[in-house]
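Here is what each chain is made of, one letter per residue.
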Amino acid sequence: MDTQCLERILNQVEKPTRYMGNEYNMVEKDPAKIDIRFAFAFPDVYEVGMSHLGMKILYHLLNERDDTYCERIFAPWIDMEQKMRECGIPLFALETKDSIADFDFIGFTLQYEMCYTNVLNMLDLADIPLLSEKRGEEYPIIIAGGPCAYNVEPLADFMDLVVMGEGEEVIHEILDLYKQCKAEDKGKKEFLLEAATKIKGVYVPAFYDVSYDDAGIVTCIKPNKAGVPSTIQKRIIKDLDSTYYPDTMIVPFMNIVHDRIMLEMFRGCTRGCRFCQAGMLYRPVRERSKDNLVRLANRLVKNTGYDEISLSSLSSSDYSQLEELCSELMEKFEPCGVSISLPSLRIDNFDKEFVKQVQRVRKSGLTFAPEAGTQRLRDVINKGVTHDDLMKSVHTAFELGWTSIKLYFMIGLPTETEEDIKGISILAEGVIDKYFEVNRGKRPPKPSITVSTSSFVPKPFTPFQWVGQDTMDDLNEKQNTLKHYLNKKYIDYNWHDSKVSYLEGVFARGDRRLGKVLVKAFKNGCKFDSWGDCFNFDAWLKAFDEVGLDPAFYANRIRNKDEIFPWDHIDVGVSRTYLWNEYEKALKGQLTPDCRLGCTGCGAIRLGGGACDALNSKI
């Protein structure tokens, strides 16, 4: 690469630190002395990707290997991409500035469907053919993982192999296999991919054929190569205490979205919210021990200099030793000004004395997520919280001095009515009333209540994978209704673009035929589709029209009970029967209890580990 040209254009772009590297704790190795070069690719800008916990874990995990050098790549912003193309600079890794086309592996993490065109753009910037069938031995192996990988079918034509589940163990097995292939002088692609199918959790899309009926519904998914498994089961780490977790993290030169230590307490969730894909995908629950977390916190504070520790999980208040953990962390770190934040406290578990202790160093923002405006609809989605839970929590928050609270809801949930929409406004007004009730007789600052709504998107492997998504017109009408109801003093209302949610729904439950749409959209200029100033809905509609596919077929259509889904060959542990039963219970407004209180029969118990092992021991 022409480094002088790179240095010159860095002076001409927004936020040049996105592309510089050389941050504190960045790993440096001599590429000439290692066997495997791995590029960890996040298909969004630096400040988003550098906030991703999975990247932090796998980056340092892979660099613990003497034979491997893991480097980072992110999607360059529009201005940087333009300069790179003008100067002929290919997409490069931050550590060495080498073109990623010269690496052995490029591993994309798929966190959000609206980043798919960025995946194609990044390959194109590296002058790597988009289609896997067009990439010969001279090109890197393209891998994908992350939550969207559980239905990777829209990207199937572009990926060589896909990891289903947690990667700390399986990535070592893949790299060991690749090293063996190199040592035996076997073709790095065909032989590797065929051998990789023997590794649990590895999916090679090219080794499977998909058939459709005249209506475009999947009729069959089957292997086209002997010895390839018909079903791919996800990988999980059964014991988090015995697996790798970094005791150092890269400290960026610029502000990133989550600029703090991230300490992962546990994986999974037992609550069973029916809209939540993560709650189903990451079962069973597995915790790290308190002592291990304290040890990691000590090392991370020492090695990074951060003054905030975020206790990461899907539902922080469900950690079994939370009060003991926070008490010990506060005792250790309060004297040196290091604060503790709990980003995912539940409404029904907001204890006054506990929160008061945690907030002694620094008071963080406060967000509550009732999700729905009425108790009826909260029961439909199995949220498990009540109106009284919310009012008690905000009462406590206001007593502790908060004046600003964010309330998060979804619109477009199954069975939703106008009464449910109006209920959002009633809840918000109730929160304001509670503020003045707590501060009666005082002269408090003005309260600030922010109501945010996202549009519900049905996701694979959830009880709502069968439902039709609300149309854009329906969602817009509900947003306009809320604008009217929430046009009140002290309330601000934010909402999510229904067009973006619509496309998210299309690709969340899409099939392989959407690969052609992605290529057309990319060629039509689509990229950074999750960014409002870049999103071009007309270009997307043109892409669907050019391919001859109707996006409503994927987003708005109700699925039959026994319909074959594009992801039916993937086993995440939670059974289809359980998900259907939960869907039927949702329509009846019936609750399913927290599975820590007793097994609800989802099927994840057969995977072993964590809470399921504890239940097994009692049976």
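Check the entry above for the structure.
Read on for an overview of the structure. (Residues numbered from 1 in each chain as written. Predicted model: local features only at pLDDT ≥ 70, side-chain atom pairs only at ≥ 80, totals over all residues. Heavy atoms only, no water.)

**Here we look at helix H5 (residues 116-125)**
Turning to step 1, where the next piece is worked out: Burial of H5 is extensive: nine of the ten residues sit out of reach of the surface.
Turning to step 2, where the next piece is worked out: Two residues or fewer past H5, Asp 127 is found with a positive phi of approximately 60°. (Buried < 20%, exposed > 50% of the residue type's maximum accessible area, 1.4 Å probe, protein only. Helix = DSSP H or I, 4+ residues; strand = E, 2+ residues; numbered from the N terminus.)

**Quick look at the sheet that holds strand S14 (residues 339-341)**
Turning to step 1, where the next piece is worked out: As summarised here, the arrangement of the three strands in space is S10-S13-S14, forming an open sheet in which the pairing is parallel. Both outer strands of the open sheet, strand S10 (261-264) and S14, are each paired with one neighbouring strand and no more. Averaged over all pairs of adjacent strands, the angle between strand axes in this sheet comes to 30°, irrespective of strand direction.
Turning to step 2, where the next piece is worked out: Of the pairings in the sheet, the one linking strand S13 (residues 308-312) to S14 comprises three bridges and is parallel in character. Note that in S14 the partner of Ile 309 across the bridge is Ile 340.
Turning to step 3, where the next piece is worked out: Sitting on the sheet, helix H9 (residues 290-304) touches S10 and S13, and the angle it makes with S10 is about 165°. (Pairing = 2+ DSSP bridges. Axes fitted to C-alpha atoms, helices over the stretch in contact; angles between N-to-C directions. Contact = heavy atoms within 4.5 Å.)

**So, the packing of aromatic side chains**
Turning to step 1, where the next piece is worked out: If you walk through the whole model with that rule in mind, you get 27 aromatic pairs.
Turning to step 2, where the next piece is worked out: Relative to Phe 105, the ring of Phe 38 has its centre 5.9 Å away and its plane inclined at 25°; by these criteria the two rings are stacked. Of the two residues, Phe 38 sits in strand S1 (residues 36-42) while Phe 105 sits in strand S3 (residues 105-109), which places them 67 residues apart along the sequence. Both residues of the pair, Phe 38 and Phe 105, count as buried.
Turning to step 3, where the next piece is worked out: Between Phe 105 and Tyr 178, the aromatic rings sit 4.8 Å apart at their centres with planes inclined by 70°, giving edge-to-face as the arrangement. Of this pair, Phe 105 sits in strand S3 while Tyr 178 is found in helix H6 (residues 167-183), placing the two residues 73 residues apart along the sequence. (Phe/Tyr/Trp six-rings, centres within 6.5 Å; stacked < 30°, edge-to-face > 60°.)

**A look at the environment of Phe 350**
Turning to step 1, where the next piece is worked out: Assignment of secondary structure puts Phe 350 in the loop between S14 and helix H11 (352-358).
Turning to step 2, where the next piece is worked out: On the basis of relative accessibility, which here comes to 8%, the residue Phe 350 falls in the buried class.
Turning to step 3, where the next piece is worked out: With 200 residues separating them along the chain, Phe 350 and Asp 550 place their C-alpha atoms 45 Å apart.
Turning to step 4, where the next piece is worked out: Residue contacts for Phe 350: discarding those within four places in its chain leaves Leu 345, Val 355, Leu 366, Phe 368, Ser 393, Thr 396 and Ala 397.

**Examining a negative patch on the surface**
Turning to step 1, where the next piece is worked out: A cluster of acidic residues, Glu 323, Glu 324, Asp 351 and Glu 353, forms a negative patch on the protein surface.
Turning to step 2, where the next piece is worked out: Within the fold, Glu 324 resides in helix H10 (residues 322-333).
Turning to step 3, where the next piece is worked out: A relative accessible area of 43% means that Glu 324 is categorised as partly exposed. (Patch = residues over 30% accessible without salt bridge, like charges linked within 9 Å, V, L, I, M, F, W, Y side chains within 5 Å. Areas by Shrake-Rupley, 256 points an atom, 1.4 Å probe, with all protein chains shown as cover. Salt bridge = Lys/Arg side-chain N within 4 Å of Asp/Glu carboxyl O. Lys, Arg positive; Asp, Glu negative; His and termini not counted. Charge placed at Lys NZ, Arg CZ, Asp CG, Glu CD.)

**Looking at the side chain of Glu 582**
Turning to step 1, where the next piece is worked out: Of note, Glu 582 is situated in helix H20 (residues 576-588).
Turning to step 2, where the next piece is worked out: A polar contact is formed between the side chain of Glu 582 and the side chain of Thr 592, at a distance of 2.6 Å.
Turning to step 3, where the next piece is worked out: Filtering out sequence-adjacent residues up to four positions away, Glu 582 remains in contact with Arg 274, Pro 463 and Thr 592. (Polar contact = N/O pair within 3.5 Å; in protein donor to acceptor, adjacent residues only side chain to side chain.)

**Notes on the environment of Asp 104**
Turning to step 1, where the next piece is worked out: Of note, Asp 104 is situated in the loop between helix H4 (78-87) and S3.
Turning to step 2, where the next piece is worked out: Asp 104 sits in the buried class, given a relative accessible area of 12%.
Turning to step 3, where the next piece is worked out: C-alpha of Asp 104 to C-alpha of Tyr 139: the two residues are 35 residues apart in sequence and 7.6 Å apart in space.
Turning to step 4, where the next piece is worked out: Among residues more than four places away in sequence, those in contact with Asp 104 are Asp 35, Ile 36, Arg 37, Pro 140, Ile 141, Tyr 178 and Lys 182.

**Some details on the nonpolar core**
Turning to step 1, where the next piece is worked out: In terms of nonpolar packing, the biggest core is built from 141 residues, with Phe 105, Phe 108, Leu 110, Leu 161 and Trp 540 touching the most fellow members.
Turning to step 2, where the next piece is worked out: Grouped together as the second largest cluster of nonpolar side chains are 65 residues, Leu 263, Val 301, Leu 311 and Phe 409 included. (Core = buried A, V, L, I, M, F, W, Y, C linked by side-chain atoms within 4.5 Å.)

**Re unusual backbone geometry**
Turning to step 1, where the next piece is worked out: Here the residue pair Arg 283 and Pro 284 is connected by a cis peptide bond, since its omega of 0° sits within 30 degrees of zero.
Turning to step 2, where the next piece is worked out: Positionally, Pro 284 belongs in the loop between helix H8 (277-281) and strand S12 (286-287).
Turning to step 3, where the next piece is worked out: Positioned with a positive phi, Lys 15 is a non-glycine residue whose angle comes to about 50°.
Turning to step 4, where the next piece is worked out: Inspection of the secondary structure assignment puts Lys 15 in the loop between helix H1 (3-10) and S1.
Turning to step 5, where the next piece is worked out: The phi dihedral of Asn 382 is positive, around 65°, even though this residue is not glycine.
Turning to step 6, where the next piece is worked out: Note on placement: Asn 382 falls in the loop between helix H12 (375-380) and helix H13 (387-399).

Keep in mind that these numbers describe shape and distance, not what the molecule does.
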